[in-house]
Amino acid sequence: MPTDFTPRSIAFFANYVPRQCGIATYTKDIRNAVAAIEPGMDCPVIAVTDRPGEYAYPPEVRFELDQQDKDAYRRAAEFINTRNVDAICIQHEFGIFGGNDGEYVLEFIQHLRIPLVTTFHTILKEPSPNQRRIMDSLIKASGRLVVMSEKGKTFLKEIYKAPEDKIDIIPHGIPDMPFVDPNFYKDKFDVEGKQVLLTFGLLSPNKGIENVIRALPQIIEADPDAVYVVLGATHPNLVRESGEVYRESLVSLAKDLGVADHVRWFDQFVSLDDLKEFIGATDIYITPYLNPAQITSGTLAYSFGCGKAVISTPYWHAEELLAEERGILVPFGDAESIAREVISLLKDNRKRHTMRKKAYGLGRSMIWSEVALNFRESFRLARVQAPENAQSKLPKRFKPAADLPPFRLDHLRRLTDTTGIIEHTRFSLPDFNEGYSTDDNARALILTTLLEGTRYASRETARFADTYAAFLNFAFKSETRRFHNCLSYAKHWEEPIGSEDSHGRSLWALGVVAGRTQQTHLRTWAAHTFDFAMTPVEHFTSPRAWAFALLGLHEYLQRYKGDLAAINLRAELVSRLQNRYQDASGEGWHWFEAILSYDNAVIPQALILSGADMKAPEITQLGISTLKWLMETQRGTMDVFRPVGSDGFYPRHGTFARYDQQPLEAGMTTLACLDAFQVTKDDVWLLEAQRAFQWYLGANDLGVEMIDTDTGGIFDGLHVDRVNRNQGSESLVCYLLARLSVEEAIGNRQVTVSGRVRRDATGMAVANSNKTGEKLPQNGLNTTNGVKTPTR
């Protein structure tokens, strides 16, 4: 994946409005800010609920789970895995998930298959063993770790040993408000002419509001116009446990101290617009919290960032945010200090306004739109760095050939109808909207022809061969001697002439049928059509079309060796490939074009076989040397096969695209390496063939198997963090061709490739002995494309 990849779909997992909770509000705000970055952003939400079915969630909430239902976390992970999102962001707080210390969240991440970014709202200095276990698991599973302060980053590094290079500091977001005089808003709350002190948030005993009330007598004596606004409903959990006992105790305290008329209670969970007006009317914001171990405070961030003078107790977030005279800190539980600092600020307008300007200036980097851009970068890094995070999943050793998966035709049967093989699928189901392609029917015809005489042959595979041949016959137009390629499900050709590459693949299929089939009716048709279809190739400019034509000529000439037109065309196409190599290659670039793109291995494969047929070792050597360079270029961590990705390919002097890796590359490379073994009798090409083939079995950059064991299909690609769940015909047939060829060429011999391979001076793999210590036999199987051919 290119490093400039931009996420388009981000999921969020936490509690969510209308649930009355600070994290629910935060999740809504960050979700909406990310969704607003650009048109088309998709941001679904998985909402963790304490009262299933009771909340009227907004439409972005796609899945609701009961926080105490452990199995629901697995179902939620499976749900979001199918939604093709680029990453998911968890808002973590121990209290919002089910189980001991919220441990059910681990059930979710265990089944998650997409990149994870975790935002930590609480980071404990002295966690319990279970809390430490949960934190360690989240840190390990997350591609990026988001904290809102430097202290949070320090704690993650020093206490939890989190890698520093995956920690991102992103401040708590705030609404974007103008810097205005508080008097502009005061009439809305009947406090015009008053000096407004504010504390807001869900009420609970750890907020320390009683200490501000105890400070009020002194404050009012110094400034009789002072009023204290307490905004916020009592925390729902506290209401369930003890009702409004805490709020009532505060009201009683104000009465006892004779300051009841100076306290305004707003027992409500306010909207953002209302909250902005409350903050706008404030002269001094006070956070008198009692617990120093608070790594984040959303209410502090809101009031500070909107340009308010702040007095706070020295909990962790406040210490950092209010440093350098951006606010005032007072001791915990000290009403005298609160009174003294409030009186000082109310009397010193210059000091108060200077403090406001400092806060507002820093707050410009905290507005939600800026915070969302920082999060987008975290999401991007979580995706592009996913392969490194997945390296622990790689197999220790490639599977031996004896462990080949079963040869199954279930999915071929599912995709084939009376017209031909359907090109694409939606997951595993044939996608009729996409219709058919000559490319795929040509490959399928090659497969069913090669199945003749094997234990997998049947009346059904013979019928399939007839179907695919009939499709190619329908696609070929004798008047132009060209093939159509794309056929709609309604049986309309979608272009007047197909691509040169699809024509070349069709020639390959015709050559295989003409050269190999024992079915006289098919052989006669194929040879006749081949004769007509090879004529336009001399006018082609695509080196891949030349290469496919050469494969077809190789097969055709096995049976019709005296066809001078075919022999002359072969010589011409080989010469053209030689010239292309001379023109395009250079130091460090041993290739036929200025880019490695799609279906690359077919070019050296065609030269290897053509050189052998023509008894021209220099041509064979060109094929071997370029295939060798291709294999080394496509070598990943632990020697896994890493085909160039279709998301950018590999331009000369450019960047190698690691994703999206295509199954076609693994299959066609396997065939090319097996042909290289057949021609050279060098066992190293068996190793290279096996390395390419085992990409399907999990020896790839993500350590995931590409075979769907339920359907027999092949996943359509390897993305940076997951497989493409579609299972089209190209992926399937290329795999089946490789699977059949590996079985025929290697059989039960255990050619193994360990995590580190012995190499020669050029870096090429050197064949090892098998498990018995016996040298691998070089019996020269009579194969072409790795499949036994009948003796003629």
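A quick note: this is a predicted structure, and the numbers were derived from the prediction, not measured.

### Observations regarding the overall build of the protein chain
Right, on to step 1. Counting its regular elements, the protein chain contains 28 helices and 25 strands.
Right, on to step 2. Taking 2.2 N^0.38 as the reference for a compact globule, 792 residues should give roughly 28 Å; the C-alpha atoms of the protein chain span a radius of gyration of 35 Å, well beyond that estimate.
Right, on to step 3. C-alpha atoms of the protein chain, sized along the principal axes, occupy 115 × 55 × 50 Å.
Right, on to step 4. Expressed as a percentage of the 792 residues in the protein chain, the buried residues total 60%.
Right, on to step 5. Across the protein chain, contacts joining residues at least 24 apart in sequence account for 70% of those joining residues at least 6 apart.
Right, on to step 6. Total accessible area on the protein chain stands at roughly 30800 Å², and carbon and sulfur atoms take up 49% of it.

### Here's the deal with unusual backbone geometry
Right, on to step 1. Omega for the peptide link from Val17 to Pro18 comes to 15°, which places this bond in the cis form.
Right, on to step 2. Take Pro18: it is sitting in the loop between β1 (10-14) and α1 (22-35).
Right, on to step 3. Positive phi values are uncommon outside glycine, yet Lys161 reaches one of about 60°.
Right, on to step 4. Here Lys161 lies in the loop between α5 (150-158) and β7 (167-169).
Right, on to step 5. Classification of Lys161 as exposed rests on a relative accessible area of 61%.
Right, on to step 6. With a phi angle near 65°, Asp639 is a residue other than glycine that sits in the positive phi range.
Right, on to step 7. Mapped onto the fold, Asp639 is located in the loop between α25 (617-633) and β21 (650-651).

### A closer look at the nonpolar core
Right, on to step 1. Counting residues in hydrophobic clusters, the biggest one holds 120 residues, and the most contacted among them are Leu412, Leu445, Leu627, Trp685 and Tyr696.
Right, on to step 2. When residues in this core are grouped by element, the largest group, eleven residues, is from helix α28 (residues 729-746).

### A word on the sheet that holds strand β13 (residues 328-329)
Right, on to step 1. Overall, parallel pairing links the six strands, which are arranged β10-β9-β8-β11-β12-β13 in an open sheet. Two strands bound the open sheet, and with one partner strand each, they are β10 (263-266) and β13.
Right, on to step 2. The sheet contact formed by strand β8 (residues 195-200) and strand β9 (residues 226-231) spans six bridges and is parallel. Residue pairing across strands places Thr199 opposite Val230, the latter belonging to β9.

### Here we look at helix α27 (residues 684-693)
Right, on to step 1. Judged by how many residues are buried, α27 sits mostly within the fold: ten of ten residues are covered.
Right, on to step 2. If you check which residues of α27 are buried, you get Val684, Trp685, Leu686, Leu687, Glu688, Ala689, Gln690, Arg691, Ala692 and Phe693.
Right, on to step 3. Tucked into the core, α27 has its buried residues touching α25, α26 (663-680) and α28.

### What about the confidence of the model for the protein chain?
One rule of thumb: low pLDDT means the predicted coordinates there are not for detailed reading.
Right, on to step 1. Scored by pLDDT, the protein chain has a mean of 89; 91% of the residues are at 70 or more.
Right, on to step 2. Overall, residues 387-401 carries pLDDT values under 50, and its contacts beyond four positions in sequence, including any with other chains, amount to 48 contacts.
Right, on to step 3. Confidence drops under pLDDT 50 across residues 750-792; counting only partners more than four residues distant or on other chains, this segment forms 109 contacts.

### Focus: the environment of Lys153
Right, on to step 1. With respect to the secondary-structure elements, Lys153 resides in helix α5.
Right, on to step 2. Classification of Lys153 by relative accessible area gives buried; the value is 18%.
Right, on to step 3. For the pair Lys153 and Ala47, spaced 106 residues apart in sequence, the C-alpha separation works out to 27 Å.
Right, on to step 4. When residues no more than four places from it in sequence are discounted, the contact partners of Lys153 are Val147, Glu164, Ile167 and Ile169.

### As for the pairing of strand β5 (residues 116-120)
Right, on to step 1. Burial within β5 is extensive, with five of its five residues counted as buried.
Right, on to step 2. In β5, alternate side chains face the same way, and those of Leu116, Thr118 and Phe120 on one face and Val117 and Thr119 on the other are all buried.
Right, on to step 3. Of the strand pairs in this sheet, strand β4 (residues 87-92) and β5 are connected by five bridges, and their pairing is parallel. Bridge pairing in β5 links Gln91 to Thr119.
Right, on to step 4. Read from β4 through helix α3 (residues 105-111) to β5, the crossover connection turns out right-handed.
Right, on to step 5. In the sheet, β5 pairs with strand β6 (residues 144-147) via three bridges, with the strands oriented parallel. Note that in β6 the partner of Val117 across the bridge is Arg144.
Right, on to step 6. In this fold, β5 hands off to helix α4 (residues 129-141), which returns the chain to β6; that crossover is right-handed.

The rules behind these values
- Think of each chain on its own: its residues are numbered from 1, step by step along the sequence as written.
- Local features in this predicted model are restricted to residues of pLDDT 70 or higher, and side-chain atom pairs are both shown and tallied only at a pLDDT of 80 or more, whereas totals for entire chains, interfaces and linings draw on every residue.
- With hydrogens and water stripped out, all remaining heavy atoms of the structure feed into the side-chain values.
- A run of H or I in DSSP becomes a helix once it reaches four residues, and a run of E becomes a strand once it reaches two; helices and strands are each numbered from the N terminus.
- For the radius of gyration, the atom set is restricted to C-alpha positions; the globular benchmark scales as 2.2 Å times the number of residues to the power 0.38.
- Buried means the residue's accessible area, taken with a 1.4 Å probe over protein chains only, is under 20% of the maximum for its type, while exposed means over 50%, and partly exposed covers the values in between.
- Throughout, a residue-residue contact means that at least one pair of heavy atoms, one from each residue, lies within 4.5 Å.
- Calculation of accessible area relied on Shrake-Rupley with a 1.4 Å probe; when residues are assessed, cover is drawn exclusively from the protein chains displayed.
- Only buried Ala, Val, Leu, Ile, Met, Phe, Trp, Tyr and Cys residues count toward a nonpolar core, and they belong to the same one when joined by side-chain atoms within 4.5 Å.
- By definition, two strands form a pair when at least two bridges between them are found by DSSP.
- On a range of 0 to 100, pLDDT expresses the predictor's confidence in each residue.
- By convention, a crossover is right-handed whenever its connection, traced from the first strand over the helix to the second and viewed with the strands pointing away, goes clockwise.

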